[in-house]
Amino acid sequence: MDKKLIYCDNAATTKVSKKVLDAMLPYFTEEYGNASSIYMLGQSAAKALLKARETVAKAIGAKTHEIFFTSGGSEADNWAIKGMALNGSKSGKKHIITSVFEHHAVLHTCEFLEKQGYEITYLPVDEKGLVNPDDVKNAIRDDTCLVTIMFANNEIGTIQPIKEIGEICKEKKVPFHTDAVQAVGNVEIDVKALNIDMLSLSGHKIHAPKGVGALYVRGGISLPNLIHGGAQEKNKRAGTENLASIVGLAQAITDAVQNIKEKQEKVSKRRDRLIDGILKIQETRLNGDREKRLCGNVNISIRGVEGESLLLMLDMYGILASSGSACTSGSLDPSHVLLSIGLPHETAHGSLRLSISEETTDEDIDYILETIPKVVDRLRSMSPLWERICKNEGITGTI
Amino acid sequence: MIYSEKVMDHFTNPRNVGEIADADGVGEVGNAKCGDIMKMYIKVDNGVISDVKFKTFGCGAAIATSSMATELIKGKTIDEALKLTNRAVVEALEGLPPAKLHCSVLAEQAMKSAIADYYKKQGVDPTPIIGDIGECEDCHGCH
């Protein structure tokens, strides 16, 4: 067996880059001071923290004081949503608008609030995986305390009409939060130009380590405290800062937003080659809009095969990918995202997500395109479902 | 979730994959909605399962349990095969993650359903012999 290892699951997590690691290392054994301490070692930590905050703010067009560091995207989402819910309840506003295909960090938080007596509107998405801004407009009520719509979907990579939604929310004076975990570093983001009030981002999706992220909160919005204790993060999130990781996040976001256009061009060309190549296999379909799509995202349903066995077999060939099948989602149903765009269960079970990065080479793409048909052929040859599809629909040939 | 080496072995090199054109009994269980379908073919000579083949649409555990079940019943008498439980399949595979136990139930059902079909073809009512095989919907994996 070939000893290749082609990592195509960058939407799940990424490798820490050498540059990020180098930036972080001094903060473990040399610059290990507590940013709250008065002596020089502490003060230099405080300076590094401030610099990291400036860097992250600049990368998304925010002001330095609008950035709050968190442990990652899920924490940022929880903070923003529960925070706005708490604010809203003070004036009797207990209605939140979101979409059906959000990340679980948003969906499960909304479901939790529903149990606490909040009303949640889950907007549908169309068959291409896009939210209609008019739906947002029509759903806003006098008691709406938050609109939270993801920037780009983690499974099918569709980029939402954030600017339009932001404009509507601004006009209606409803706070607008977006989970931009997948978008940061892949899409140009200027929170002011896009009318975003709150934005969640995560380090480990952009080559920083796991366990660090940030929440942008537009100045003027009063966000309730998340962790009570010390004065860190403007008294809102106590606990000694995870400085090494924060420095890593700052380095990663700097690298990610630099030459973003070049990156988009380079990666999307390879993505398109992958999409076109895989779609040559009969009875396959691309999930999510072809154009309004993250530059590294490929999500294809392959009829007659099941996602987990596809992933296990690809793993044997050194290709690491992901799927929205029930077996891989850890639940009984296939991915809620794939069901939300109208896929039947059996088609959703056979989905394959490849999320490539700048490091994915043309040779990698060639190898993936050589391997996938072999694996699909093998699994279809032992699939009674494929046998039935062929028989009922008059399909001939193996792939 | 981690699969045992045995599961990975049976997933990577499944035994008895295929169809039997002149099978004496064919059973199919599961459904595409749940993401698992198992189809099993048996050939019976003098009460002995002389050959068995399967086709499975499903996860790694579904393929491995089908493979193991066929291996366990090949060359056995029908009476012996009917004593095979999903537990025995799981044990032979050196365990399955809890979320995958329903795959072993499906494998047992597929085998029983093929034997039931064999009896039907012989003009014998299989229910008193095999009992209620159960439906995919009855298995605990989906509820």
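Predicted, not measured: the structure shown is a model, and the values here were computed from it.

1. Regarding the sheet that holds strand S2 (residues 36–45) of chain B
Backbone-to-backbone hydrogen bonds join strands into a sheet, with any given pair of strands oriented parallel or antiparallel.
Residues and elements named next belong to chain B.
Point 1. With respect to topology, 3 strands assemble into an open sheet ordered S1-S2-S3, the strand pairing being antiparallel. Looking at the sheet topology across the chains shown, the edges are occupied by strand S1 (25–31) and strand S3 (48–57). Recorded for the sheet is a direction-independent mean angle of 15° between the axes of neighbouring strands.
Point 2. Examined bridge by bridge, S1 and S2 share 7 bridges and lie antiparallel to one another. Note that in S2 the partner of Gly30 across the bridge is Ile37.
Point 3. The strands touched by helix H2 (residues 60–73) are S2 and S3; relative to S3, the strand with the most contacts, the crossing angle is about 175°.

2. Describing unusual backbone geometry
All names here are of chain A.
Point 1. Backbone geometry at Glu233 places phi at a positive 45°, although glycine is not the residue there.
Point 2. In this fold, Glu233 is placed in the loop between strand S8 (213–217) and helix H8 (243–257).
Point 3. Judged by relative accessible area, which is 5%, Glu233 ranks as buried.
Point 4. Backbone geometry at Asn235 places phi at a positive 70°, although glycine is not the residue there.
Point 5. By relative accessible area, which is 46% here, Asn235 ends up partly exposed.

3. Focus: the pairing of strand S6 (residues 176–179) of chain A
All names here are of chain A.
Point 1. Judged by which residues are buried, S6 turns out to be covered on both faces: Phe176 and Thr178 on one side and His177 and Asp179 on the other are all buried.
Point 2. The pairing of strand S5 (residues 144–148) with S6 spans 2 bridges and is parallel. Residue pairing across strands places Val147 opposite Phe176, the latter belonging to S6.
Point 3. This β-α-β element, S5 to helix H7 (residues 162–172) to S6, shows right-handed connectivity.

4. Digging into the pairing of strand S3 (residues 95–99) of chain A
All names here are of chain A.
Point 1. Along S3, 5 of the 5 residues are buried, which leaves the element largely enclosed by surrounding structure.
Point 2. Neither face of S3 is exposed, since His95, Ile97 and Ser99 on one face and Ile96 and Thr98 on the opposite face are all buried.
Point 3. What joins S3 to strand S4 (residues 119–123) is helix H5 (residues 104–115), and the crossover it makes is right-handed.
Point 4. Bridge count for S3 against S5 is 3 bridges, and the pairing is parallel. Bridging across to S5, Ile97 finds its partner in Val147.

5. Describing the interface of chain B and chain A
Point 1. Contact residues are listed per partner, giving 28 residues for chain B and 22 residues for chain A.
Point 2. Between chain B and chain A the total buried area reaches about 2,000 Å² when both faces are included, carbon and sulfur atoms providing 65% of it.
Point 3. When the buried surface of chain B facing chain A is broken down by residue, B:Phe11, B:Lys55 and B:Phe57 rank first, second and third, together holding 28% of it.
Point 4. There are 4 salt bridges connecting chain B and chain A.
Point 5. In this structure, the salt-bridge partner of B:Lys39 is A:Glu387, at a minimum N-O distance of 3.0 Å.

6. Some points on helix H5 (residues 101–121) of chain B
Residues and elements named next belong to chain B.
Point 1. Taking 1.5 Å of rise per residue, the 21 residues of H5 would be expected to cover 30 Å, and the 31 Å separating its terminal C-alpha atoms lies within 8% of that figure.
Point 2. Taking burial as the measure, the 21 residues of H5 include 17 buried ones, the bulk of the element.
Point 3. At the C-terminal side of H5, Gly123 shows a positive phi close to 80°.

7. Observations concerning the packing of aromatic side chains
Point 1. Applying the stated criterion across every chain, the model contains 2 aromatic pairs over all chains.
Point 2. Between the aromatic rings of A:Phe68 and A:Trp79, the centroid separation amounts to 5.7 Å while the plane-to-plane angle is 70°, which identifies the pairing as edge-to-face. With A:Phe68 in strand S2 (residues 67–70) and A:Trp79 in helix H4 (residues 73–90), this residue pair connects regions lying 11 residues apart in the sequence. Comparing A:Phe68 with A:Trp79, the two get one shared label, buried.
Point 3. Taking the centre distance of 5.5 Å and the plane angle of 55° together, the rings of B:Tyr118 and B:Tyr119 count as tilted.
Point 4. Its relative accessible area of 14% is what places B:Tyr119 among the buried residues.
Point 5. Just above the ring of A:Phe112 sits the side chain of A:Lys82; from NZ or CZ to the centre is 5.4 Å.

8. Quick look at the pattern of salt bridges
Point 1. In the structure shown here, the tally under the stated rule is 32 salt bridges over all chains.
Point 2. With a shortest N-O distance of 2.8 Å, B:Glu108 and B:Lys112 are connected by a salt bridge. With a gap of 4 residues between them, B:Glu108 and B:Lys112 both fall in helix H5, about one helical turn apart. Accessibility classification places B:Glu108 together with B:Lys112 in one group, the buried group.
Point 3. A network of salt bridges, in which partner residues are shared, links A:Arg270, A:Arg273, A:Asp362 and A:Asp366.

9. So, the side chain of A:Thr178
Residue and element names in this part refer to chain A.
Point 1. Looking at the secondary structure, you find Thr178 in strand S6.
Point 2. Given the relative accessible area of 0%, Thr178 is considered buried.
Point 3. Reaching out from Thr178, the side chain makes a polar contact with the backbone oxygen of Ile149 at a distance of 2.7 Å.
Point 4. Non-local contacts of Thr178, meaning those with residues more than four positions away in its chain, are made with Ile149, Met150, Phe151, Ile162, Ile196, Met198, Leu199 and Ser200.

10. Some points on the confidence of the model for chain B
Point 1. On average, residues of chain B score 92 in pLDDT, and 93% of them are at 70 or above.
Point 2. In this model, residues 138–143 of chain B is a region of pLDDT below 50 whose contacts with residues beyond four sequence positions or in other chains number 8 contacts.

11. Comments concerning the sheet that holds strand S12 (residues 351–355) of chain A
Residue and element names in this part refer to chain A.
Point 1. If you trace the 3 strands from one edge of the open sheet to the other, you get S9-S10-S12, paired in antiparallel fashion. Bordering the open sheet on either side are strand S9 (284–286) and S12, each of which pairs with just one other strand. When strand polarity is set aside, the average angle formed by the axes of neighbouring strands in this sheet is 25°.
Point 2. With 3 bridges connecting them, S9 and strand S10 (residues 297–302) associate as antiparallel partners. Bridging across to S10, Leu286 finds its partner in Ile300.

What counts and what doesn't
- Residues numbered from 1 in each chain as written.
- Chains lettered and ligands numbered in written order.
- Predicted model: local features only at pLDDT ≥ 70, side-chain atom pairs only at ≥ 80, totals over all residues.
- Heavy atoms only, no water.
- Pairing = 2+ DSSP bridges.
- Helix = DSSP H or I, 4+ residues; strand = E, 2+ residues; numbered from the N terminus.
- Axes fitted to C-alpha atoms, helices over the stretch in contact; angles between N-to-C directions.
- Contact = heavy atoms within 4.5 Å.
- Buried < 20%, exposed > 50% of the residue type's maximum accessible area, 1.4 Å probe, protein only.
- Right-handed = clockwise from strand over helix to strand, strands pointing away.
- Buried area = accessible area lost by both parts, 1.4 Å probe.
- Salt bridge = Lys/Arg side-chain N within 4 Å of Asp/Glu carboxyl O.
- Expected span 1.5 Å × (residues − 1).
- Phe/Tyr/Trp six-rings, centres within 6.5 Å; stacked < 30°, edge-to-face > 60°.
- Lys NZ or Arg CZ within 6 Å of the ring centre and 35° of its normal.
- Polar contact = N/O pair within 3.5 Å; in protein donor to acceptor, adjacent residues only side chain to side chain.
- pLDDT = per-residue confidence, 0-100.

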